Amino acid sequence: MNLDIGKLSKIADKNERLIIGLMSGTSLDGLDIALCNIMGFGKSTKVQLLAFETISYPADFKNTVKKICFIKDVDLEQICLINKGIAQLHAKYINAFLAKNKYQNNQIDLIASHGQTIYHSSAKLRNVDDFGNATFQIGDADQIAVNTGIITLSDFRQKNIAQGEEGAPLALYGDYLLFRDDNESRVLLNIGGIANFTILKPNINFEDVLCSDLGPGNTLMDQFVQQNFKPLFFDEDASIA
């Protein structure tokens, strides 16, 4: 058996797992790194946040990635190179994050990498065709795995796309497992580049959870800042507001 597959099998059987979650949103502010101790399975899942940091992207890197984000006509070579480059940068950030928080790489069970969304194509926004919904995230997980020595899982949206869904938002999975309650209704609102919400009624089944994008979150404000307050990319700590 492949060593990594055997290791994954053992990790799946553990009651507690140390997992790093990575998120780089459409606002391109930087990379969120969360080290979590994930305990239990299914509805009994509990999460303890052990360390967290947002590492800002350099300005030149942001500008490079912006040239291929949500643009129909792009240079395929640039996509190919940035797919590798952004993963190598993420690996560098992870290694520094672990050293800063006094963890050894071999203590970490997994890295869960969302990747950088560069295009999202909803079928309802296109003319009728045979393709359906589609989405594209870059940041080669193999590069992260090799450069950190930690098994890396990625491409989380594609299974949902294959099932005929939108692939977004994915927040409902974590929201349902961690925040549902037997006695009260709860609404979770996430305002990133795009805003989304999750409604959790008491004793709700997963299939009945209402979760949807609402529209632009901080994307429009970031664009305003970039156009009117160069070289700033966003309104840090609401200093302009």
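Notes on the structure follow.

Reading the values: rules and limits
- Residues numbered from 1 in each chain as written.
- Predicted model: local features only at pLDDT ≥ 70, side-chain atom pairs only at ≥ 80, totals over all residues.
- Heavy atoms only, no water.
- Patch = residues over 30% accessible without salt bridge, like charges linked within 9 Å, V, L, I, M, F, W, Y side chains within 5 Å.
- Areas by Shrake-Rupley, 256 points an atom, 1.4 Å probe, with all protein chains shown as cover.
- Salt bridge = Lys/Arg side-chain N within 4 Å of Asp/Glu carboxyl O.
- Helix = DSSP H or I, 4+ residues; strand = E, 2+ residues; numbered from the N terminus.
- Core = buried A, V, L, I, M, F, W, Y, C linked by side-chain atoms within 4.5 Å.
- Buried < 20%, exposed > 50% of the residue type's maximum accessible area, 1.4 Å probe, protein only.
- Contact = heavy atoms within 4.5 Å.
- Pairing = 2+ DSSP bridges.
- Axes fitted to C-alpha atoms, helices over the stretch in contact; angles between N-to-C directions.

A few words on a nonpolar patch on the surface. Taken together, Met221, Phe224, Phe229, Leu232 and Ile240 make up a surface patch of nonpolar side chains, about 440 Å² in accessible area. By secondary structure assignment, the location of methionine 221 is in helix α7 (residues 219–228).

Time to look at the nonpolar core. The tendency in soluble globular proteins is for nonpolar side chains to be buried as a group. In terms of nonpolar packing, the biggest core is built from 29 residues, with Ile20, Leu22, Ile33, Tyr57 and Ile94 touching the most fellow members. When residues of this core are traced back to their parent elements, those giving at least two are β1 (16–24), β2 (30–39), β3 (46–56), α2 (59–66), α3 (76–100) and β4 (110–121). Not counting chain neighbours up to four residues away, the residues in contact with leucine 22 comprise Leu31, Asp32, Ile33, Ile94, Ile111, Ala112, Ser113, His114 and Ile144.

The tally for this structure, following the rule as stated, stands at 6 salt bridges. Between aspartate 109 and lysine 14 there is a salt bridge, and its shortest N-O distance comes to 2.8 Å. Placement of aspartate 109 in the loop between α3 and β4 and of lysine 14 in the loop between α1 (3–13) and β1 is noted, with a sequence separation of 95 residues between them. By relative accessible area, aspartate 109 is classed as buried at 8%.

This part is about the sheet that holds strand β8 (residues 194–200). One open sheet accounts for 3 strands, arranged β7-β8-β9; its pairing is antiparallel. Across the chains shown, the open sheet's two edge strands, defined by having one partner strand only, are β7 (186–191) and β9 (210–216). Between one strand axis and the next, the sheet turns through 15 degrees on average, direction left out of account. Contacts from helix α6 (residues 171–179) reach β7, β8 and β9, with the element oriented near 35 degrees to β8.

On their own, these measurements won't tell you what the molecule is for.
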